Amino acid sequence: MKKVIIIGSGIVGATAAYKLAKAGTEVIVIDRTEDGQATNAAAGIICPWLAQRRNKAWYHLAKNGAKLYPQLIDELKTDGESQTGYKKVGAISLFTNEEKLLSAEERLLNRKIDAPEIGTINILKPEETNESFPLVDDSYHSIYVSGAARVDGRALRHALIKGAKKHGATFIDENAELHYKNNRIEGVVFNNKLIKAELVIAAAGAWLKELLQPIGVEINVYPQKAQIIHLELPNTDTRNWPVVMPPNNQYFLTLDSNRIVIGATHEKKAGFDSRITAGGVNEILTKALQIMPRLADSTILETRVGFRPFTQNSLPIIGPIPNIKGLIIANGLGASGLTTGPFVGSQLANIALNKTLDINLEDYHISKAL
């Protein structure tokens, strides 16, 4: 039986562990449960088809990530994990400019040719937009995409970990270091104990730079801090409301129990400062109340902080490090981590299992971040 060690249990590492364990691989996942882990803090919108990013390599990950979700959720349900945090509720993207609205519709129709999971596409008038999500200001037209979904990163991570354990995976709460010898990663060391494996997968998120430095690899991965606010609307059933993509860089989505999530900040120079700051909260609420003034009467429940892993060119890196055997990495998923993470994790599992990949690794070569 092949033995694989995974460092990091965020969305990428947890998915890889689940897929590998289901395939009969001996899997050991090591994670020191650092404050600010991106997956644990995030709630995301699964609707990549509206994105205006022109990078084809990124869109390939995002499109396939959205396509994979229903299959992954069904797998988890078969394993008895029904609390995945995922629900297909559709999305509305808000516009005040008709030209941009029509351009978005055209973009969706073109992308639906090879992404039928986009579903129904409808342009909504302001009153229809408000009926769909009653808190939206009356001035916005919108475009509705039925195939979009929301996901609670924390809930999905827990479901993947529990599913992986059911198939024999072991999870260890420790700080691991790579064991490097003769240009090969032979395993990991923690608490002065060496565990060897045929392959190590580094899915350490924003902490990858710290993990690789002791073996002489300098990688340009940095944390981007995100603060995300959870609100409550008393006596309001928000469970089936669509996710909302406003004209600014925010998002709105609802969870069960009358909860609305708004976010997020994009703090590039905060480092690993996990504090909830007045400036961050002010930025989120100021922007949000311009879009949904009726949120002013909501209750603030909590603010979560996560560190998104970014590369200098904001493009993901996936695969082996040149001249180092026994190690593969995935990083730089940034703000689209919940959309792309399960697909990337499944590709890492395919690499470990010597299966055919659904990506061209050259498009995500690690040299882009060295």
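Everything here concerns the structure above.
This is a predicted model, so every value here is computed, not measured.

Peer 1: Sorry, what's going on with the pairing of strand β17 (residues 259-263) here?
Peer 2: Within a regular beta strand, the side chains point alternately toward one face of the sheet and then the other, so they alternate between its two faces. Within β17, 4 of the 5 residues are buried, which leaves it mostly tucked inside the rest of the structure. With 5 bridges joining them, strand β14 (residues 221-232) and β17 adopt antiparallel strand pairing. The residue bridging isoleucine 229 from the neighbouring strand is isoleucine 262, located in β17. Where strand β16 (residues 251-255) meets β17, 5 bridges bridge the pair, whose relative direction is antiparallel. Residue pairing across strands places leucine 253 opposite valine 261, the latter belonging to β17. The hairpin turn running from β16 into β17, its antiparallel successor, is 3 residues long, and serine 257 in that turn takes a positive phi close to 65°.

Peer 1: What's the story with the packing of helix α1 (residues 11-22) against helix α9 (residues 337-352) in this structure? I'm lost.
Peer 2: Two quantities define a packed helix pair, namely the angle between the helix axes and the distance between the axes. Direction vectors running N to C along α1 and α9 enclose 40°, while the axes themselves pass 7 Å from each other. Judged by the inter-axis angle, α1 sits oblique to α9. Seen along the crossing, α1 lies across α9 with a hand that is right-handed. Contacts from Ile11, Val12, Thr15, Ala16, Lys19 and Leu20 of α1 reach α9 at Gly337, Leu338, Gly341, Pro342, Val344, Gly345, Ser346, Leu348, Ala349 and Ala352. Counted by class, the contact of α1 with α9 contains 10 nonpolar, 5 polar and 1 charged residues.

Peer 1: What should I look at first to understand the sheet that holds strand β19 (residues 317-320) in this one?
Peer 2: Pairing between the strands of a sheet is mediated by backbone hydrogen bonds and can be parallel or antiparallel. Pairing in this open sheet of 6 strands is mixed, and the strands run β9-β2-β1-β13-β20-β19 from one edge to the other. In the strand order of this sheet, the two ends are held by β9 (170-172) and β19, each with one partner. The sheet shows a mean angle of 15° between the axes of neighbouring strands, taken without regard to direction. Across 5 bridges, strand β1 (residues 3-7) lies against strand β2 (residues 26-30) in parallel orientation. Note that in β2 the partner of valine 4 across the bridge is valine 27. Across the sheet, α1 is in contact with β1, β2, β9, β13 (199-202) and β20 (327-331); its angle to β1 comes to roughly 165°. Lying over the sheet, α9 contacts β1, β13, β19 and β20, oriented at roughly 170° with respect to β20.

Peer 1: So what exactly am I meant to see when it comes to the nonpolar core here?
Peer 2: Proteins that are soluble and globular tend to have nonpolar side chains buried together. Ranked by size, the top nonpolar core spans 77 residues in total, and within it Ile6, Trp49 and Leu348 carry the most contacts. It is helix α3 (residues 56-78) that provides the largest number of residues to this core, a total of 11 residues. Ile185, Ala204, Ile324 and Ile329 belong to the second-largest nonpolar core, a separate cluster that totals 28 residues.

Peer 1: Would you explain the packing of aromatic side chains in this entry?
Peer 2: The relation between two aromatic rings is expressed through the spacing of the ring centres and the mutual angle of the planes. Under the counting rule described, the total for this entry stands at 6 aromatic pairs. Within the aromatic cluster, the residues linked to one another by ring pairs are Trp207, Phe272 and Phe307. The positively charged end of arginine 111 is found above the aromatic ring belonging to tyrosine 59, 4.3 Å away from the centroid.

Peer 1: Can you help me understand helix α6 (residues 153-166) in this one?
Peer 2: With 14 residues, α6 should reach 20 Å at 1.5 Å per residue; the first-to-last C-alpha distance of 20 Å fits that figure. All buried positions along α6 are accounted for by Gly153, Ala155, Leu156, Arg157, Ala159, Leu160, Ile161, Gly163 and Ala164. The opening residue of α6 is aspartate 152, an N-cap whose side-chain oxygen sits 3.1 Å from the backbone nitrogen of arginine 154. Looking one or two residues past α6, glycine 168 carries a phi angle of roughly 105°, positive in sign.

Peer 1: Just checking my understanding: could you explain the packing of α1 against α6 for this structure?
Peer 2: For the pair α1 and α6, interaxial distance at closest approach is 8 Å and the crossing angle is 25°. Judged by the inter-axis angle, α1 sits roughly parallel to α6. Pair α1 / α6 crosses with left-handed handedness. Residue-level contacts link Ile11, Ala14, Thr15, Ala17, Tyr18 and Ala21 of α1 to Leu156, Leu160, Ile161, Gly163 and Ala164 of α6. Among the residues making up the contact of α1 with α6, the classes are represented as 9 nonpolar, 2 polar and no charged.

Peer 1: I'm lost on the sheet that holds strand β3 (residues 43-46) in this one. Help?
Peer 2: Strand order across the open sheet formed by 3 strands is β3-β8-β4, with antiparallel pairing between neighbours. Two strands lie at the open edges of the sheet, namely β3 and β4 (86-88), each paired on one side alone. For this sheet the average axis-to-axis angle between neighbouring strands, irrespective of direction, equals 15°. When β4 meets strand β8 (residues 149-152), the two strands line up antiparallel, connected through 3 bridges. Paired with lysine 87 across the bridge in β8 is arginine 150.

Peer 1: Looking at this structure, I do not really get the pattern of salt bridges. What am I missing?
Peer 2: Pairing of side chains with opposite charge becomes possible as their charged atoms draw close. For the coordinates displayed, the defined rule picks out 14 salt bridges. Between lysine 162 and glutamate 81 there is a salt bridge, with its nearest N and O atoms 3.6 Å apart. Of this pair, lysine 162 sits in helix α6 while glutamate 81 sits in the loop between α3 and β4; the two residues are 81 residues apart in sequence, bridging distant segments of the chain. Given the relative accessible area of 5%, glutamate 81 is considered buried.

Conventions and cut-offs
Chains are numbered independently. Their residues run from 1 in the order of the written sequence. Totals for whole chains, interfaces and linings use every residue, but because this is a predicted model, local features are given only for residues with pLDDT of at least 70 and side-chain atom pairs only at 80 or more, for both listing and counting. Working from all heavy atoms in the structure, the side-chain values ignore hydrogens and water. Categorising residues by exposure relies on relative accessible area from a 1.4 Å probe, with only protein chains included: less than 20% of the type maximum marks a residue as buried, more than 50% marks it as exposed, and the intermediate range marks it as partly exposed. Strands here are runs of E lasting at least two residues and helices are runs of H or I lasting at least four, both read from the DSSP assignment and numbered beginning at the N terminus. Pairing between strands is defined by DSSP: at least two bridges between the two strands are required. Convention adopted: a line fitted to C-alpha atoms gives each axis, helices being fitted over their contacting stretch, and angles between N-to-C directions are expressed from 0 to 180 degrees. Convention used here: angles under 35 degrees read as roughly parallel, angles over 145 as roughly antiparallel, angles from 65 to 115 as roughly perpendicular, and any remaining angle as oblique. Definitions for this section: a left-handed crossing has its near helix turned counterclockwise from the far helix by less than a right angle. A right-handed crossing has that turn clockwise. The contact rule is simple, with two residues in contact once any of their heavy atoms fall within 4.5 Å. Throughout, the ten residues Ala, Val, Leu, Ile, Met, Phe, Trp, Tyr, Cys and Pro are labelled nonpolar, Asp, Glu, Lys and Arg are labelled charged, and all others, Gly among them, are labelled polar. The term nonpolar core refers to a set of buried residues drawn from Ala, Val, Leu, Ile, Met, Phe, Trp, Tyr and Cys, joined through side-chain atoms within 4.5 Å. Here a Phe, Tyr or Trp ring, Trp counted by its six-membered ring, pairs with any other such ring whose centre lies within 6.5 Å, and the pair is stacked when the planes are under 30 degrees apart, edge-to-face when over 60, and tilted otherwise. Each ring is checked for a lysine NZ or an arginine CZ that lies within 6 Å of its centre and within 35 degrees of its normal; such an atom marks a charge sitting over the ring. One less than the residue count of a helix, multiplied by 1.5 Å, gives the span that helix is expected to have. Between N or O atoms, a polar contact is any pair within 3.5 Å; within protein, one atom must be a potential hydrogen donor and the other a potential acceptor, and residues adjacent in sequence are included only when both atoms are from side chains. A side-chain nitrogen of Lys or Arg and a carboxyl oxygen of Asp or Glu constitute a salt bridge if their distance falls within 4 Å.

Coordinates in, geometry out; function isn't part of it.
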